[in-house]
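Listed here are the chains, written in short residue letters.
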Amino acid sequence: MLIHFHFSNYKSFRDGVEFSMVADKYLNHRDSLMRIPGQRYAKVLPLAAVYGGNASGKTGFVSALKALKTTIATGDLSVLEPFLLDSEQAVCPSCFCICFFQDGQVYEYTLEVQGGRVQREELLNRTKPREQCLFRRCPGAALESDLLTDSRDAEQVYVRQMGGSLPDTQLLLTTIHRLQPRAIYAATAPCFTWFFITLCIIGADSKRVGLGFDLLQDLELYQEALQQADTGIEELSLKSVDAAASVPADMLESFRQSADDVMVTPEDASLVLFKNEKGVNAVRCYSTHRTEDGRRVDFPLAKESDGTRRYMHLLPILLDTALPRVYVVDELDRSLHHQLSRALVSHCRENIRSGRQQLQLIFTTHDALLLSKDTLRKDEVWVAERDGERVSHLTSFNDYKDVRADANILKSYLEGRMGGLPHIYRVS
């Protein structure tokens with residue numbers, strides 16, 4: 001789970017941002033809080049909502065998390081774009097520091113990059129009572145690590161040499177994941193699990209590529225969820241279709257030549273291709289509606305509304321119960337009615353409270369009606385806002401001490417007491 005995320009000099013964020021999921025002492029929804037390993041009282045929040053006007057920095061915040069994840073996964077430092085509206089800041093380091101827990105351990109990873117070169121990289125195990133430096137790396141300095149205590153061990157010598165000679169255009173964390181040296185890999189492996197598996201980022205226009213697999217496995221669950229959401233869908237069904245008529249010839253041939261036995265097409269996530277001894281078969285998911293006279297009419301999912309399809313692509317958040325997840329969703333409410341957005345948020349909290357899921361949901365939204373103490377705690381709400389220098393800032397509602405936790409935070413927000421509202425001027 002995410003504990004805190006600090007970053008600076010990234011896109012529209014020039015100054016440091018301190019985003020924290022550590023819970024305050026409010027009483028509402030405290031039964032959904034999650035304990036931080038190694039700490040007796042500190043707990044993290046299951047939910048966080050980020051509000052703000054258009055171009056205020058909401059997507060930039062999501063992008064900062066995505067850029068850090070991408071950099072660690074690929075080693076590509078170019079995605080860490082600095083703030084460009086200040087000539088001095090453009091040549092300063094971009095800094096990222098993220099703290100999270102995975103597999104019962106608390107980790108903190110710090111990365112400073114300037115001009116596509118690593119200025120500092122550090123990974124700490126912050127699990128109390130004994131904290132540990134897994135590695136600390138700076139240009140021109142020897143690699144530091146509490147794990148490397150035996151100067152005669154060949155694996156430890158190898159890691160020291162690797163860390164000391166690694167070019168400053170490459171990440172040590174990425175290199176460790178690729179080479180898996182015995183002396184350090186096991187201690188850092190949960191970090192890779194967190195970035196690559198636990199952290200799931202969903203953009204405003206993202207579509208779940210694996211939706212077809214989900215429908216094959218959980219068709220009845222999707223059907224029930226869509227019925228409860230009043231989408232007009234009575235039933236979901238899987239039907240065989242002609243593979244040659246359903247996908248382009250080059251894609252079909254590529255699938256035939258590949259080693260894969262199953263494929264979901266990117267253009268139509270509800271279409272799944274299978275290989276068998278007779279060739280390639282295809283199955284597509286259809287939705288059933290009823291006419292006024294009771295006749296069944298089946299539609300391919302591509303003909304459903306944007307809101308229905310968006311809801312289907314977000315449903316795995318609720319159905320994904322096998323592993324801990326941190327979902328970060330940009331524009332959760334896009335194409336969704338308020339009641340659907342509210343139901344999604346409330347169901348997440350209930351799943352966490354009941355122990356059905358280990359989950360955090362962090363999302364940006366314009367849906368002000370979610371600002372109810374029945375839905376969100378005061379410390380779960382954040383505001384993104386631009387200042388006169390076109391710099392984005394992120395502020396917690398918790399920082400507004402003159403607004404009580406039991407106050408009507410929707411009214412306070414719409415009155416502009418907490419910022420985050422667009423400044424609209426009349427066009428002459």
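Overview of the structure.

## Overview of the sheet that holds strand 1 (residues 2–8)
Then, in step 1: Across the sheet, which stays open at both edges, the 6 strands sit in the order 2-1-6-7-8-9 with antiparallel pairing between neighbours. Among the strands making up the open sheet, the edge pair consists of strand 2 (17–20) and strand 9 (132–137). Direction aside, neighbouring strands of the sheet carry axes that sit 10 degrees apart on average.
Then, in step 2: Alignment of strand 8 (residues 117–125) against strand 9, held across 5 bridges, turns out to be antiparallel. By the bridge assignment, E121 is partnered in strand 9 with R137.
Then, in step 3: Docked against the sheet, helix 3 (residues 172–179) engages strand 7 (105–114), strand 8 and strand 9, running at close to 110 degrees with respect to strand 9.

## Things to note about helix 7 (residues 249–257)
Then, in step 1: Burial in helix 7 covers these residues: M251, L252 and F255. Angular distribution of buried residues about the axis of helix 7 spans 100 degrees; they occupy a single face of the element. Residues of helix 7 that are exposed and point over 90 degrees away from its buried face: A249, D250 and Q257.
Then, in step 2: Against helix 6 (243–246), strand 12 (262–264), strand 13 (271–276) and strand 14 (279–290) lie the buried residues of helix 7.

## Let's talk about the pattern of salt bridges
Then, in step 1: For the structure on display, the rule yields 25 salt bridges.
Then, in step 2: Where R120 meets E122, a salt bridge forms, and the shortest distance between an N and an O atom there is 3.1 Å.
Then, in step 3: Close ionic contact of D298 with K239 constitutes a salt bridge, the shortest N to O distance being 2.4 Å. Placement of D298 in strand 15 (residues 296–300) and of K239 in strand 11 (residues 235–241) is noted, with a sequence separation of 59 residues between them.
Then, in step 4: Overlapping salt bridges, with partners in common, bring together E112, R120, E122, R136 and E144 in one network.

## Concerning the sheet that holds strand 17 (residues 359–364)
Then, in step 1: Taken together, 6 strands build an open sheet; the order of strands is 10-16-17-5-18-19 and the sheet is mixed. Edge positions in the sheet fall to strand 10 (199–202) and strand 19 (392–396), since each of these pairs with one other strand and no more. Geometrically, the sheet is characterised by an average inter-axis angle of 15 degrees between neighbouring strands, direction not taken into account.
Then, in step 2: Two elements, strand 10 and strand 16 (residues 325–329), share 4 bridges in a ladder whose sense is parallel. Bridge pairing in strand 16 links I201 to V328.
Then, in step 3: Relative to the sheet, helix 1 (residues 58–74) contacts strand 5 (47–51), strand 10, strand 16, strand 17, strand 18 (381–386) and strand 19, its axis offset from that of strand 10 by approximately 135 degrees.
Then, in step 4: Against the sheet, helix 4 (residues 185–198) makes contact with strand 10 and strand 16, and its axis sits at roughly 25 degrees relative to strand 10, the strand it touches most.

## Overview of the environment of L226
Then, in step 1: In this fold, L226 is placed in helix 5 (residues 211–228).
Then, in step 2: Non-local contacts of L226, meaning those with residues more than four positions away in its chain, are made with T231, I233, L236, T308, Y311 and M312.

## Things to note about the packing of aromatic side chains
Then, in step 1: For the structure on display, the rule yields 14 aromatic pairs.
Then, in step 2: Taken together, a centroid distance of 5.7 Å and an interplanar angle of 20 degrees make the contact between Y185 and F192 stacked.
Then, in step 3: Here W194 and F195 contribute two aromatic rings whose centre-to-centre distance is 5.2 Å and whose plane-to-plane angle is 90 degrees, an arrangement assigned as edge-to-face.
Then, in step 4: You can call F195 buried: its relative accessible area is 2%.
Then, in step 5: In textbook terms, an aromatic cluster arises when at least three aromatic residues are bridged by ring pairs, as seen for F5, F7, Y10, F13 and F96.
Then, in step 6: Above the plane of the ring of Y286 lies K239, whose end atom (NZ or CZ) is 5.2 Å from the centre.

Cut-offs used in this document
Residues numbered from 1 in each chain as written. Predicted model: local features only at pLDDT ≥ 70, side-chain atom pairs only at ≥ 80, totals over all residues. Heavy atoms only, no water. Pairing = 2+ DSSP bridges. Helix = DSSP H or I, 4+ residues; strand = E, 2+ residues; numbered from the N terminus. Axes fitted to C-alpha atoms, helices over the stretch in contact; angles between N-to-C directions. Contact = heavy atoms within 4.5 Å. Buried < 20%, exposed > 50% of the residue type's maximum accessible area, 1.4 Å probe, protein only. Arc of directions from axis to C-beta. Salt bridge = Lys/Arg side-chain N within 4 Å of Asp/Glu carboxyl O. Phe/Tyr/Trp six-rings, centres within 6.5 Å; stacked < 30°, edge-to-face > 60°. Lys NZ or Arg CZ within 6 Å of the ring centre and 35° of its normal.

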